[in-house]
Amino acid sequence: MSWSTVPGVPERLAEALDRVGASPDARPDDWVDAAAAAVDRIADEGQREAAYALLAADALVTWACERAAQQPDAQRALERVLVRVREAM
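What you are looking at is a predicted structure, and each value in this text was computed from that prediction instead of being measured.

## Some remarks on the packing of helix 2 (residues 28-41) against helix 4 (residues 74-88)
Then step 1. It is at 9 Å that the axes of helix 2 and helix 4 come closest, and there the two elements cross at 30°. Viewed along their axes, helix 2 and helix 4 adopt a mutual orientation that is roughly parallel. Helix-helix and strand crossings are classified by hand; for helix 2 and helix 4 the assignment is right-handed. Each of Pro-28, Asp-29, Val-32, Asp-33 and Ala-36 in helix 2 lies in contact with helix 4, whose residues at this interface are Arg-80, Val-81, Arg-84, Val-85 and Ala-88.
Then step 2. Looking at the contact of helix 2 with helix 4, its residues break down into six nonpolar, no polar and four charged.

Dropping the structure here:
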């Protein structure tokens, strides 16, 4: 599934999210891993593309947190996301 099919996701952001390889229906752990990979790309790309990579990373971590907050044990799920962010970054 492509991010371009998700309502409300701007075209350039959808392209950046697709480039980092994180599907909209992926698990939050996968989004965190993709966010870390997007940040790593910043050093290898020009400033404009780096900005989109950083925006994609931010969006993925935000959505991982939002999905975790919807879990029955939201506190534990959010703590798990934060631990994954620390490990991945």
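## Brief notes about the pattern of salt bridges
Then step 1. All told, the structure shown has seven salt bridges when counted by the stated rule.
Then step 2. Salt-bridge contacts for Arg-84 lead to Asp-29; the nearest nitrogen and oxygen are separated by 3.9 Å. With Arg-84 in helix 4 and Asp-29 in helix 2, this residue pair connects regions lying 55 residues apart in the sequence. Exposure class is identical for Arg-84 and Asp-29. Each is buried.
Then step 3. The partner of Glu-87 in a salt bridge is Arg-84, with the nearest N and O atoms 3.4 Å apart. Here the residue Glu-87 and the residue Arg-84 both occupy positions in helix 4, the gap between them amounting to three residues, near one helical turn.
Then step 4. You can call Glu-87 exposed: its relative accessible area is 55%.

Reading guide: rules and limits
- Residues numbered from 1 in each chain as written.
- Predicted model: local features only at pLDDT ≥ 70, side-chain atom pairs only at ≥ 80, totals over all residues.
- Heavy atoms only, no water.
- Axes fitted to C-alpha atoms, helices over the stretch in contact; angles between N-to-C directions.
- Helix = DSSP H or I, 4+ residues; strand = E, 2+ residues; numbered from the N terminus.
- Parallel < 35°, antiparallel > 145°, perpendicular 65-115°, else oblique.
- Left-handed = near helix turned anticlockwise from the far one by under 90°.
- Contact = heavy atoms within 4.5 Å.
- Nonpolar A, V, L, I, M, F, W, Y, C, P; charged D, E, K, R; others polar.
- Salt bridge = Lys/Arg side-chain N within 4 Å of Asp/Glu carboxyl O.
- Buried < 20%, exposed > 50% of the residue type's maximum accessible area, 1.4 Å probe, protein only.

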